[in-house]
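# Architecture at a glance
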Amino acid sequence: MGTYGETIGQATLPPTSFQAVQPTGDGPTFKCDQCVAPSVAVVVFGEGESALRLEFCAHHLAQHTAKLADRGHEVRFHN
């Protein structure tokens, strides 16, 4: 498999920049797990500590509402 430098032909990793998200003061902001839109709801799959929580924007929630309702998953809307 090799190292990054061997497989790409470079000795060092390329420079990367990360920008911190500025807090809005309105509490935490959640993003959709399928895109970068603000989340309007979280869907909980399962129960207890092993439950999976997925954030959905309005668009993706509308796309999947029928499937989620048919399977009885809990949808919690953000305030």
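The sections below set out a description of the structure shown in this document.

What counts and what doesn't
Residues numbered from 1 in each chain as written. Predicted model: local features only at pLDDT ≥ 70, side-chain atom pairs only at ≥ 80, totals over all residues. Heavy atoms only, no water. Helix = DSSP H or I, 4+ residues; strand = E, 2+ residues; numbered from the N terminus. Buried < 20%, exposed > 50% of the residue type's maximum accessible area, 1.4 Å probe, protein only. Lys, Arg positive; Asp, Glu negative; His and termini not counted. Salt bridge = Lys/Arg side-chain N within 4 Å of Asp/Glu carboxyl O. Polar contact = N/O pair within 3.5 Å; in protein donor to acceptor, adjacent residues only side chain to side chain. Contact = heavy atoms within 4.5 Å. Expected span 1.5 Å × (residues − 1). Core = buried A, V, L, I, M, F, W, Y, C linked by side-chain atoms within 4.5 Å.

Let us now look at the side chain of Glu-55. Its place among the elements puts Glu-55 in strand β2 (residues 52-56). Despite its burial, Glu-55 pairs with no opposite charge, the nearest such side chain being Arg-53 at 4.6 Å. Reaching out from Glu-55, the side chain makes a polar contact with the side chain of His-78 at a distance of 2.8 Å. Look past the residues within four positions of Glu-55 in its chain and what remains in contact with it is Phe-30, Lys-31, Cys-32, Asp-33, Ser-39, Ala-41, Val-42 and His-78.

Attention now moves to helix α2 (residues 58-70). In this model, α2 (13 residues) spans 18 Å end to end at C-alpha, consistent with the 18 Å of a helix rising 1.5 Å per residue. Within the span of α2, buried status applies to His-60, Leu-61, His-64 and Leu-68. Against the buried residues of α2 lie β1 (41-45), β2 and β3 (74-77).

Right, let's talk about the nonpolar core for a bit. Of all hydrophobic cores here, the largest spans five residues; its members are Ala-41, Val-43, Phe-56, Leu-61 and Leu-68. Sorting the residues of this core by element identifies β1 and α2 as the ones contributing at least two each. If we ignore the near neighbours within four places in the chain, the residues touching Val-43 are Leu-52, Arg-53, Leu-54, Phe-56, Leu-61, Leu-68, His-73, Glu-74 and Val-75.

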